[in-house]
Amino acid sequence: MPQIWMTYDELGALCGCGAMEARDRAIQLSLDRRRSRDGATRVKLDLALTAKFFASVRDADFDLDCAIEALHDTHRQMAELLAPTEFHNRRGVA
């Protein structure tokens, strides 16, 4: 099982709350907390929060894939509009 450590801000974003509420939630759930070298306190996610994190990543990947596909479609349409008319007339001719 991977270890995922998040700051209170990141945990709050994952849970849909603020950093202070995320801190209170981490204490209530008895999650491991450690201060990092950068000075930020990080919380080790438990199994349920790890599953929630992976689900959010999967959703983000799906949104990203849709955006990339839309960008490719737009590019194809623009390339067809900018192509010389001779090229359009020769298309499909063997």
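A few points on the structure. (Residues numbered from 1 in each chain as written. Predicted model: local features only at pLDDT ≥ 70, side-chain atom pairs only at ≥ 80, totals over all residues. Heavy atoms only, no water.)

1. Digging into the pairing of strand E3 (residues 41–44)
Alternating residues of E3 divide into Thr41 and Val43, all buried, and Arg42 and Lys44, none buried. Bridge count between strand E2 (residues 33–35) and E3: three bridges; the pairing is antiparallel. Residue pairing across strands places Arg35 opposite Thr41, the latter belonging to E3. Here E2 folds back onto E3, and the loop between the two strands holds five residues, one of which, Gly39, carries a positive phi near 95°. (Buried < 20%, exposed > 50% of the residue type's maximum accessible area, 1.4 Å probe, protein only. Helix = DSSP H or I, 4+ residues; strand = E, 2+ residues; numbered from the N terminus. Pairing = 2+ DSSP bridges.)

2. Side note on the state of the cysteines
Inspection of every chain in the model, using the stated rule, returns zero disulfides. Counting only cysteine sulfurs, Cys17 is the nearest neighbor of Cys15, a cysteine outside any disulfide, at a range of 5.2 Å. Judged by relative accessible area, Cys15 falls into the buried class, the value being 14%. (Disulfide = S-S within 2.5 Å.)

3. Overview of the side chain of Thr50
Along the polypeptide, Thr50 turns up in helix H3 (residues 47–82). A distance of 2.8 Å separates a polar side-chain atom of Thr50 from the backbone oxygen of Asp46. (Polar contact = N/O pair within 3.5 Å; in protein donor to acceptor, adjacent residues only side chain to side chain.)

4. Some details on the pattern of salt bridges
Applying the stated criterion across every chain yields a total of five salt bridges. Between Arg25 and Glu21 there is a salt bridge, with its nearest N and O atoms 3.7 Å apart. Here Glu21 and Arg25 lie together in helix H2 (residues 19–28), a separation of four residues that amounts to about one turn. Judged by its relative accessible area of 45%, Glu21 is partly exposed. Taken together, the shared-partner salt bridges connect Glu69, Asp73 and Arg76 into one network. (Salt bridge = Lys/Arg side-chain N within 4 Å of Asp/Glu carboxyl O.)

5. What to know about the sheet that holds strand E1 (residues 5–7)
Sheet architecture is open: three strands sit in the order E1-E3-E2, paired in antiparallel fashion. Looking along the sheet, the strands with just one partner apiece sit at the ends: E1 and E2. Each strand of the sheet is rotated relative to its neighbour by a mean of 35°, with strand direction disregarded. By the bridge criterion, three bridges tie E1 to E3 in an arrangement that is antiparallel. (Axes fitted to C-alpha atoms, helices over the stretch in contact; angles between N-to-C directions.)

6. Structural notes on a nonpolar patch on the surface
Taken together, Met78, Leu81 and Leu82 make up a surface patch of nonpolar side chains, about 400 Å² in accessible area. When you line up the elements, Leu82 lands in helix H3. Given a relative accessible area of 71%, Leu82 falls into the exposed group. (Patch = residues over 30% accessible without salt bridge, like charges linked within 9 Å, V, L, I, M, F, W, Y side chains within 5 Å. Areas by Shrake-Rupley, 256 points an atom, 1.4 Å probe, with all protein chains shown as cover.)

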